[in-house]
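Chain residues, written in single-letter form:
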Amino acid sequence: MISSKLPNVGTTIFTTMSQLAAQTGALNLSQGFPDFNGPQALLDAVGRHVSAGHNQYSPMTGLSSLREQVASKILRSYGVSVDADNEITITPGATEAIFCAIHAVIRAGDEVIVFDPSYDSYEPSVELAGGRCVHVQLTDGEFAIDWQKLTDALSPRTRMIIINSPHNPSGALITRDDLDKLALLIADRDIYLISDEVYEHLVFDGVKHASVLAHETLYQRAFVVSSFGKTYHVTGWKTGYVVAPPALSAELRKVHQYVNFCGVTPLQWALADFMAAHPEHVEELPAFYQTKRDLFCELLASSRFQFKPTPGTYFQLVDYSQIRPDLNDVDMSLWLTREHGVATIPVSVFYQQPIPEQRLVRLCFAKREETLRQAAEKLCAI
Ligand SMILES: Cc1ncc(COP(=O)(O)O)c(C=O)c1O
C-alpha cells in the first residue's frame, strides 16, 4: 500500500473539463489557453535556433540574452532596474518557479497564507515542503483582500504569503494601496512573499498593474513570478521566470538546479530574439485582450448570465443564478458542457471551503473571434 504524500490530490478539474470538451465536441472555454497561435516571428525563431544547433543545456539560471530582455522589459514596464545575473532566473513555467520558491524557504511546520479562490498548484507545493496552507477568503463579489481576515490568520508560524494579481479566476487586481497595507502589516515579521503575476500584462481599461517589483519594501522579501506562456500566447512552452533579490534568488536556484536544472534552450533563444525585435508586443497586449473581453461581454449582454467585465486576465466570471440556481457550479459546468456545448470551470474548485450559495463559472476568452461568437450564441440560447 502506498501512503500518498498528497492524499487529497486527484485529477484536476482542468484536465476533466478539457477531456469532457474533447469527448463531447464542446467549445473549450474551460482551461486557460489561447486557441490561436503565438506571433509568427516567435514561432519562426524556434525553428531557426533548433537548426542552428541551440539544442543543449542552457545555463542553470537561463540564457543571459533572455534574462537581459526580461530586465529591460521590467525597466520599461515598471521603471525599476533588476540585475539580470543575480535577480532573474528562467524556469520551465511559472509553476516550477512557484514550487522552487516555496521549497527554498518553507520548512516543516511553517504556515503559508493563500487567498481563496486560489490557483491549484500552491497548496500541494506547500504540503510537499512540509508546510501547511492557511486559507483566507477574498471578499465575496469583489475578490478583494479582507484585511481583518488576513490579520487574524497571521501566526508566529506564518512564513509566507502568496498573492496573485491579476487574479485567476476572478480577474481582480491588487492595488498599490493594497501592497502598501500588506507591507505595513508584515513589516516586523519574518514572512516571505510570492507574487504570482503571470497575467501582469493583461490589465484593462487603462489601469496600470501594481507589480511587487515596483514596491521597494515588499520586493526585498519577494519572489515575483511571471510566465512567457501567457504573455506570448504559448502556454505549452511552459517557460517562465522568477525575479527575487540576490539572496533569495540564490536560495531559489539551489532548488531549481535539482528540480529541473534549466529551461528548454531553443525556446529561450527564440523568446530573447522576439523580445528584442518586438518590445511593442507587451504594450499592445492589454488592448489585444481588452478587445476580446469587450466583444465577448457585448455578445453575452443578451444572455441570462450576470457579470461585470473582468478588469484583468483572460477569464470572465459569470453568475448563473437566474438560469439554474438548483445546480452547484460543478454540476452546472457539466450541464453546460454536455447539454449546451460550452466547457467552463466551476469557481468552487479554487476554494478550500466553497461558498455554498455562490453560482459562478469561469469562461476563458483567449479565443479567436469566431470561437467567442459561437460560444456566446450557445450561451445566449440557454
Ligand atoms: C495564477 C497562475 N499562476 C501560475 C500559472 C502557471 O503558469 P505556467 O503555465 O507558466 O507554469 C497559471 C497558469 O494557468 C496561473 O493561472
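What counts and how
- Residues numbered from 1 in each chain as written.
- Predicted model: local features only at pLDDT ≥ 70, side-chain atom pairs only at ≥ 80, totals over all residues.
- Helix = DSSP H or I, 4+ residues; strand = E, 2+ residues; numbered from the N terminus.
- Expected span 1.5 Å × (residues − 1).
- Buried ≥ 20, exposed ≤ 12 C-beta atoms within 10 Å, placed from the backbone.
- Arc of directions from axis to C-beta.
- Contact = placed C-beta atoms within 7 Å.
- UniProt positions renumbered as here; feature names shortened; annotations may be inferred.
- Axes fitted to C-alpha atoms, helices over the stretch in contact; angles between N-to-C directions.
- Parallel < 35°, antiparallel > 145°, perpendicular 65-115°, else oblique.
- Left-handed = near helix turned anticlockwise from the far one by under 90°.
- Nonpolar A, V, L, I, M, F, W, Y, C, P; charged D, E, K, R; others polar.

- As recorded in an unreviewed UniProt entry, the chain goes by the name Pyridoxal phosphate-dependent aminotransferase, listed as coming from Pseudomonas rubra.

### Here we look at helix H3 (residues 64-78)
Right, so step 1: Look at H3: 21 Å from first C-alpha to last across 15 residues, which is about the 21 Å you get at 1.5 Å a residue.
Right, so step 2: If you check which residues of H3 are buried, you get Leu66, Arg67, Gln69, Val70 and Ile74. Along H3, the residues classed as buried sweep out an arc of 155 degrees about the axis, all on the same side.
Right, so step 3: Where H3 is buried, its residues contact strand S2 (88-91), strand S8 (240-243) and helix H11 (265-277).

### Observations concerning the UniProt feature "domain: Aminotransferase class I/classII large" (unreviewed entry) in the chain
Right, so step 1: Cross-referencing UniProt, the feature "domain: Aminotransferase class I/classII large" (unreviewed entry) maps to residues 27-379 in the present numbering.
Right, so step 2: Helix and strand shares over residues 27-379 are 41% and 15% respectively, and the end C-alpha atoms of the span are 11 Å apart.

### Points about the packing of helix H2 (residues 40-51) against H11
Right, so step 1: Where H2 meets H11, the axes come as close as 8 Å, and the angle between the chain directions of the two elements is 135 degrees. In terms of orientation, H2 lies oblique with respect to H11. Pair H2 / H11 crosses with right-handed handedness. In this structure, H2 uses Ala41, Leu42, Ala45, Val46, His49 and Val50 to contact H11, whose residues at the interface are Pro266, Leu267, Trp269, Ala270, Asp273, Phe274 and Ala277.

### Comments concerning the packing of helix H1 (residues 13-24) against helix H13 (residues 329-340)
Right, so step 1: Interaxial distance between H1 and H13 falls to 9 Å at its minimum, and their mutual angle equals 20 degrees. Comparing their axes, H13 and H1 come out roughly parallel. Judged by the twist between their axes, the crossing of H1 over H13 is right-handed. Contact with H1, carried on its side by Met17, Leu20, Ala21 and Thr24, involves Ser333, Thr337 and Arg338 of H13 and no other residues of that element.
Right, so step 2: Here the contact of H1 with H13 is composed, by residue class, of 3 nonpolar, 3 polar and 1 charged.

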